[in-house]
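# Overview (structure and organization)
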Amino acid sequence: MKQATAPLIYPGSRTPWEAQHAKRGQLCEVVREFEDADGDLHEVGDRWTLLGTGFNKFEDLMWLGVRATDATEWLLPLDWTVDSQSDVLEHWSTYVRPAG
């Protein structure tokens, strides 16, 4: 994950991925650990708020903008071409769920 250098703002409607898997502004919790495209491990119990998503079609990379519980904002990359990360993207609810 990379810390955002400016506040993350996602204008417009939700992306198709968000419409199927996650809701902007929702507090999420990792329920099955996974590694992102930067090699950072997201462990069970990690929590963040989803701010929005973006997709880089040239790199098949999905960027999730998240706000940690300490209010820092991060860009979490997941690569569609890496089997383990595409599994996270395609089966999001088995890795991350709304925190309740």
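Placed above this text is the structure.
All values derive from a computational prediction rather than experimental measurement. (Residues numbered from 1 in each chain as written. Predicted model: local features only at pLDDT ≥ 70, side-chain atom pairs only at ≥ 80, totals over all residues. Heavy atoms only, no water.)

Across three bridges, the pairing between strand β2 (residues 27-30) and strand β5 (residues 47-56) is antiparallel. From the neighbouring strand, Glu 29 faces β5, where its bridge partner is Arg 47. Sheet topology places β5 next to strand β6 (residues 61-68); eight bridges connect them, and they run antiparallel. Bridged to Gly 52 within β6 is Gly 65. (Pairing = 2+ DSSP bridges. Helix = DSSP H or I, 4+ residues; strand = E, 2+ residues; numbered from the N terminus.)

This brings us to the side chain of Gln 85. For Gln 85, the location among the structural elements is in helix α2 (residues 83-90). Look at Gln 85 and you get buried, because its relative accessible area is 6%. Within the structure, Gln 85 has its side chain in polar contact with the backbone nitrogen of Asp 79 (distance 2.7 Å). Apart from residues lying up to four places away in sequence, Gln 85 is in contact with Glu 35, Asp 36, Ala 37, Pro 77, Leu 78 and Asp 79. (Buried < 20%, exposed > 50% of the residue type's maximum accessible area, 1.4 Å probe, protein only. Polar contact = N/O pair within 3.5 Å; in protein donor to acceptor, adjacent residues only side chain to side chain. Contact = heavy atoms within 4.5 Å.)

Turning our attention to the pairing of strand β7 (residues 73-79). Remark: a regular strand shows side chains that alternate across the two faces of the sheet. Most of β7 is tucked away: five of the seven residues are buried. Relative to β7, strand β1 (residues 2-3) is paired through two bridges, and the arrangement is antiparallel. Following the sheet pairing, Gln 3 is matched in β7 by Trp 74. In the sheet, β6 pairs with β7 via seven bridges, with the strands oriented antiparallel. Looking at the pairing, Trp 63 lines up with Pro 77 of β7.

Core analysis: the largest hydrophobic core is formed by 17 residues, its most contacted members being Trp 17, Phe 34, Trp 48, Leu 64, Leu 78, Trp 92 and Val 96. Elements with a contribution of two residues or more to this core: β2, β5, β6, β7 and α2. Counting residues per element, this core draws most heavily on β6, at three residues. Beyond its immediate chain neighbours, meaning those up to four positions away, Val 96 contacts Cys 28, Glu 29, Val 30, Val 31, Phe 34 and Trp 48. (Core = buried A, V, L, I, M, F, W, Y, C linked by side-chain atoms within 4.5 Å.)

The geometry of two aromatic rings is summed up by the distance between their centres and the angle between their planes. Overall, the coordinates contain two aromatic pairs when judged by the stated rule. When the ring of Trp 17 is compared with that of Trp 92, the centres are 5.1 Å apart and the planes differ by 80 degrees; the resulting orientation is edge-to-face. Highlighted residues: Trp 17 in helix α1 (residues 16-21) and Trp 92 in the loop between α2 and β8 (96-98), separated in sequence by 75 residues. Judged by its relative accessible area of 2%, Trp 92 is buried. Taking 6.0 Å as the distance between ring centres and 85 degrees as the angle between the ring planes, the aromatic pair formed by Phe 34 and Tyr 95 counts as edge-to-face. On the criterion of sequence distance, the pair formed by Phe 34 in strand β3 (residues 34-35) and Tyr 95 in the loop between α2 and β8 is long-range, its members being 61 residues apart. Given the relative accessible area of 5%, Phe 34 is considered buried. (Phe/Tyr/Trp six-rings, centres within 6.5 Å; stacked < 30°, edge-to-face > 60°.)

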